[in-house]
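Fold and geometry: a report
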Amino acid sequence: MKSMQNESKKTRLLASYIPNPKERRTILTCFILMLCLFFIGIVVISLNHQQLMLQEYKHYKGFLKQFGSISRIIYFAVLAIYPVFLLIKWKGLKKIQWRGFQLKGFIQLIAKLVRKWHVPLALAATGIVLLHGYLAIMRGFKWDFTNVTGILSIILLLFLLFMGLKRFKKKDNKWHLKLAIGFLVLFMIHATF
């Protein structure tokens, strides 16, 4: 009985952020999947700890950067939502045609896809970033520019995820977009060095 009440409270809490039940289930499923994959990654890394520690630092850094590169590619797909929705709002889009084919219909289809995959891809990339951070700390942490920008990026990412929840009800005062831009800049600075 108590577990059903706790589950009901959790559902109501999530419902206060995400009103659409189908979206809520999808996001919860993706979040649970991301956590499972993250912990599987931690277990695999722990099982191969000795081998990873014996790697030359140059090879280890290359392995570490692969996680960062994968998450960067996924985040660019996640960020595609903003230019696509700006295009949809553009009034001149209706006028663009080619042999009876309207570009607006195609852009609307793309908008549905990027909206559907925005949160699942963001959660997947976040899991990869957390593994990337774990691997960076595991080998030895130094207070250098790259690591500091990486930590700041992860902190900003946590706020970005929370504001993403508030975005569902449009109660974020555009902070999700502002934090996304800040995260992109900081993330790219981190990736460059």
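Refer to the structure presented above.
As a starting point, this report considers the structure included with it. (Residues numbered from 1 in each chain as written. Predicted model: local features only at pLDDT ≥ 70, side-chain atom pairs only at ≥ 80, totals over all residues. Heavy atoms only, no water.)

A few points about the overall build of the chain
Helix and strand content of the chain: 8 helices and 2 strands. Walking the chain from its N terminus toward its C terminus, one meets helices and strands in the order α-α-α-α-α-β-β-α-α-α. Along the first, second and third principal axes, the C-alpha atoms of the chain reach 60 × 55 × 30 Å. The proportion of buried residues among the 193 residues of the chain is 30%. Summarising the internal contacts of the chain: among those between residues at least 6 apart in sequence, 75% fall at separations of at least 24. Surface exposure of the chain reaches about 13400 Å², of which carbon and sulfur atoms provide 70%. Once the 29 positive and 5 negative side-chain charges of the chain are each reduced to a mean point, those two points are 12 Å apart. (Helix = DSSP H or I, 4+ residues; strand = E, 2+ residues; numbered from the N terminus. Buried < 20%, exposed > 50% of the residue type's maximum accessible area, 1.4 Å probe, protein only. Contact = heavy atoms within 4.5 Å. Areas by Shrake-Rupley, 256 points an atom, 1.4 Å probe, with all protein chains shown as cover. Lys, Arg positive; Asp, Glu negative; His and termini not counted. Charge placed at Lys NZ, Arg CZ, Asp CG, Glu CD.)

Some points on unusual backbone geometry
Phi at K170 takes a positive value of approximately 55 degrees, unusual for a residue other than glycine. Mapping K170 onto the fold places it in the loop between α7 (145–167) and α8 (175–192). Here the phi dihedral of N173 falls at roughly 50 degrees; this positive angle occurs in a residue that is not glycine. In this structure, N173 sits in the loop between α7 and α8. Accessibility expressed as a relative area gives 60% for N173, which makes it exposed.

Some words on the layout of surface pockets
Here the largest pocket is characterised by a volume of approximately 1400 Å³. Along the wall of the largest pocket there are 45 residues; nearest its centre are H118, V119, G164, F168 and H176. Of all the secondary-structure elements, those providing two or more residues to the lining of the largest pocket are α2 (21–47), α4 (57–79), α5 (81–89), α6 (103–138), α7 and α8. Among the elements that make up the lining of the largest pocket, the one with the highest residue count is α6 (10 residues). (1 Å grid on protein atoms, 1.4 Å probe; cavity = no way out; pocket = protein on both sides within 12 Å on 5 of 7 lines; lining within 4 Å. Points joined across faces, edges and corners; volume = space filled by probe spheres on them.)

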